[in-house]
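# Summary of the model geometry
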Amino acid sequence: MYINIGGDMAVRDRNIIGIFDLDGTTVSGKTVEYLEKTQNQGALIPVTEDLPKSFLVTEEYGMEKVYLTQLSAATLEKRAEDDRKL
């Protein structure tokens, strides 16, 4: 199944490795380094031009992608849970 992560973007639920809140994770220097690294590799994908609230890490065909989204981590987690109930 697919989960809408904001805008016109959707990802496969089975490809999601993690959903992270930006406020809670960017305090760590390691997270900032990780996001900078993915941006330099071209794997950081902004879903919207709005201020992002969370990010998703996905992997498909051995390639990792990180999506910045304006939706909260709690909203995305709920969508993933609702999808699993179907």
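Keep in mind the model is a prediction, meaning the values are calculated, not measured.

### Here we look at the pairing of strand E2 (residues 9-12)
Examined bridge by bridge, strand E1 (residues 2-6) and E2 share 4 bridges and lie antiparallel to one another. Counted as the bridge partner of Gly6 is Met9 from E2. The loop that links E1 with its antiparallel partner E2 comprises 2 residues; one of these, Gly7, has a positive phi angle of about 55 degrees.

### Observations concerning the environment of Lys65
Along the polypeptide, Lys65 turns up in strand E6 (residues 63-69). Overall, the relative accessible area of 32% leaves Lys65 in the partly exposed class. Lys65 sits 50 residues away from Asn15 along the chain, and the two C-alpha atoms are 9.8 Å apart. Every residue in contact with Lys65, bar those within four places of it in the chain, is listed here: Ala43, Ile45, Leu56, Val57 and Thr58.

### Quick look at the pairing of E6
Strand residues, when the strand is regular, have side chains that alternate between the two faces of the sheet. Where strand E4 (residues 44-46) lies against E6, 3 bridges are found, and the strand directions are parallel. Residue pairing in the sheet places Leu44 in a bridge with Val66 of E6. Of the pairings in the sheet, the one linking strand E5 (residues 54-60) to E6 comprises 7 bridges and is antiparallel in character. Each residue of the ladder has a partner; that of Val57, found in E6, is Val66.

### Points about the side chain of Thr58
Among the secondary structure elements, Thr58 is positioned in strand E5. Residue classification places Thr58 among the buried positions, given a relative accessible area of 5%.

The rules behind these values
Residues numbered from 1 in each chain as written. Predicted model: local features only at pLDDT ≥ 70, side-chain atom pairs only at ≥ 80, totals over all residues. Heavy atoms only, no water. Pairing = 2+ DSSP bridges. Helix = DSSP H or I, 4+ residues; strand = E, 2+ residues; numbered from the N terminus. Buried < 20%, exposed > 50% of the residue type's maximum accessible area, 1.4 Å probe, protein only. Contact = heavy atoms within 4.5 Å.

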